[in-house]
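What the coordinates show
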Amino acid sequence: MASFDIKKLLQSVVTHGASDLHLVSRTEPQIRLDGRLKPVNLPILTGDDIEEMCYSLITEKQKQAFEEHDELDFALLLPGIGRFRANYYRTLGDMAAAFRIIPIDIPSLDDLGAPQVYKKLVKREKGLILVTGPTGSGKSTTLAAMLNEINQTEQKHVVTVEDPVEFIHQNKKSVFSHRGVGEDTKSFAIALKYAMRQDPDIILIGEMRDKETIEAALTAAETGHLVFGTLHTSSAAGTINRIIDVFSGDEQPQIRAMLSTSLIAVIAQSLLPKLGGGRIAASEILITNHAIANLIREDKVHQIYSQMQLGQGDTGMQTQTQALQKYLSQGLISRDVALQFANKPNELKV
């Protein structure tokens, strides 16, 4: 088995239309198809098999980094096959790996069937747009499609800071500076500090994972840049709380004030298995208006949800319940899936 070709395996993952490949010892390779794991019809792997396969894809420097930290995150381009986000780790002493497929062709917002309001959001000159959701909920793909829309319609300088760089945009009307943490810059916070001197119009922050990064993102959004970021939160109101809670009590009033003026939108999405195969994104969309800005400033985030239910009209806002309800009525998802993914299952009419 050790002679098995990892590149052929990754090629077959792409061919199957799977999203991920998992190599873990004591089991056969597994792929994730439409959100569910499936074994590939191959022999059971040992730790040595995985090590041999995985080391063939990385440099000596990356190998040393893995042996030192027992973790390695990187992006991998295999010409003619595709681009992958890879993570190497250890389990019970053996090496293991997870590969996420990153499409080389970047989807448009229309390809994704994204709500029309997204096209309006990307036309904004400054402010903060957050796309949130659990791992594997399609955040990166939604953001890539939004940046693709900008690339096709506007002449902008877009700086992305990611760990690792995922989608690579070809310069159409816009110019992209892709920066990978660990390769092109030491950290998100440092990259953002210096991004201001790179004359960006738009900044994408792969993950707003610490206080310094969140602070830098808010400052950039306030000073005339359009900033896109991601967080691992499952609802719009929960996202706002998460950002505020990163700061100490005496800093929170200032952060609430900054958020109330700079936050444009929160898109909290999850990917649901569709009836008949494939997946579909259900999005809760919060768009800041005067009422919501006041609730953020006055520390009444718990009232935002009911404001979202009211503030529909022409704003393009929607709650997750409304998105699920719509898919149910269109026969796109099952009742069980709607209940499984619902943030507020008691609101669903199923």
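This text goes with the structure placed above it.
Residues numbered from 1 in each chain as written. Predicted model: local features only at pLDDT ≥ 70, side-chain atom pairs only at ≥ 80, totals over all residues. Heavy atoms only, no water.

**Points about helix α9 (residues 236–245)**
Working note: α-helix, 3.6 residues per turn, so residues spaced by three or four point in the same direction. Condition: The buried label goes to any residue with under 20% of its type's maximum accessible area, the exposed label to any with over 50%, and the partly exposed label to all in between, with areas taken from a 1.4 Å probe on protein chains only. Helical segments are the DSSP runs of H or I of at least four residues, strand segments are the runs of E of at least two, and each set is numbered from the N terminus. Think of the arc as the fan of directions from the helix axis to the C-beta atoms. In the analysis that follows, any N or O atom pair within 3.5 Å is treated as a polar contact, provided that within protein one partner can donate a hydrogen and the other can accept it, and provided that, for residues neighboring in sequence, both atoms belong to side chains.
Residues of α9 that are buried: A236, A237, T239, I240, I243 and I244. Projected down its long axis, α9 carries its buried residues within an arc of 160°, all on one side. The N-terminus of α9 is capped by S235, whose side-chain oxygen sits 3.0 Å from the backbone nitrogen of G238.

**Here's the deal with the side chain of E162**
Formally: Charge counting follows a simple rule: Lys and Arg are positive, Asp and Glu are negative, and His as well as the terminal groups are ignored. When a carboxyl oxygen of Asp or Glu is within 4 Å of a side-chain nitrogen of Lys or Arg, the pair counts as a salt bridge. In this description, contact between two residues means that some pair of their heavy atoms is separated by no more than 4.5 Å.
With respect to the helices, strands and loops of the structure, E162 is situated in strand β8 (residues 157–162). Buried and unpaired, E162 has no salt bridge, with R83 as the nearest side chain of opposite charge at 7.1 Å. Within polar-contact distance, the side chain of E162 engages the side chain of T160 at 2.9 Å. A distance of 3.2 Å separates the side chain of E162 from the backbone nitrogen of E166, its partner in a polar contact. Not counting chain neighbours up to four residues away, the residues in contact with E162 comprise F167, H178, R179, G180, V181, F188, L204 and G206.

**Remarks on the nonpolar core**
For the record, the criterion: In this description, a nonpolar core means a group of buried Ala, Val, Leu, Ile, Met, Phe, Trp, Tyr and Cys residues linked to one another through side-chain atoms lying within 4.5 Å.
If you look at the biggest cluster of nonpolar residues, it comprises 63 residues, and the most contacted ones within it are M146 and F228. For this core, the leading source of residues is helix α8 (residues 211–222), giving 6 residues. Look past the residues within four positions of F228 in its chain and what remains in contact with it is V122, I129, L143, M146, L147, I150, I202, I203, L204 and I205.

**Focus: the sheet that holds strand β11 (residues 226–231)**
Our working definition: Two strands are said to pair when DSSP picks up at least two bridges between them. Axis lines are fitted to C-alpha atoms, over the contacting stretch for helices. Their N-to-C directions set the angle, which ranges from 0 to 180 degrees.
The mixed open sheet is built from 7 strands, whose spatial order is β9-β8-β10-β11-β7-β12-β13. Two strands in the sheet have a free side with no partner beyond their single neighbour: β9 (175–180) and β13 (279–287). Each adjacent strand pair in this sheet contributes to an overall mean axis angle of 15°, direction not counted. For strand β7 (residues 127–132) and strand β12 (residues 263–273), the ladder comprises 5 bridges, and the chain directions are parallel. Paired with L130 across the bridge in β12 is V266.

**Looking at the packing of α8 against helix α10 (residues 252–262)**
What counts here: Angular relationships are summarised with four words: roughly parallel below 35 degrees, roughly antiparallel beyond 145, roughly perpendicular across 65 to 115, and oblique for the angles in between. In this scheme the crossing of two helices becomes right-handed for a clockwise turn of the near helix relative to the far one and left-handed for an anticlockwise turn of less than a right angle. Classes in brief: Ala, Val, Leu, Ile, Met, Phe, Trp, Tyr, Cys and Pro nonpolar; Asp, Glu, Lys and Arg charged; the others, Gly included, polar.
Between α8 and α10, the shortest axis-to-axis distance is 10 Å and the interhelical angle comes to 45°. Classified by the angle between their axes, α8 and α10 sit oblique to one another. The handedness of the crossing between α8 and α10 comes out as left-handed. Counting all contacts with α8, which are made through L218, T219, A221 and E222, the residues of α10 involved are I255, M258, L259, T261 and S262. The class makeup of the residues in the contact of α8 with α10 is 5 nonpolar, 3 polar and 1 charged.

**Regarding the packing of α9 against α10**
Here α9 crosses α10 at 140°, and the two axes come no closer than 9 Å. Put simply, α9 runs oblique to α10. For the pair α9 and α10, the crossing hand works out as right-handed. Here α9 contributes I240, I243, I244 and D245 to the contact with α10, which in turn contributes Q252, I255, R256 and L259. Across the contact of α9 with α10, the residue classes break down as 5 nonpolar, 1 polar and 2 charged.

**Observations concerning the environment of N289**
Counting through the fold element by element, N289 comes out in the loop between β13 and α11 (290–297). Residue classification places N289 among the partly exposed positions, given a relative accessible area of 25%. For the pair N289 and T315, spaced 26 residues apart in sequence, the C-alpha to C-alpha distance is 8.7 Å. A distance of 3.2 Å separates a polar atom in the side chain of N289 from the backbone nitrogen of A291.

**What about helix α13 (residues 320–329)?**
Taken together, the buried positions of α13 are Q320, T321, A323, L324, Y327 and L328. All buried residues of α13 lie within an arc of 160° about the axis, which places them on one face of the element. Looking at the buried side of α13, the elements it contacts are β12, β13, α12 (304–310) and α14 (335–341).

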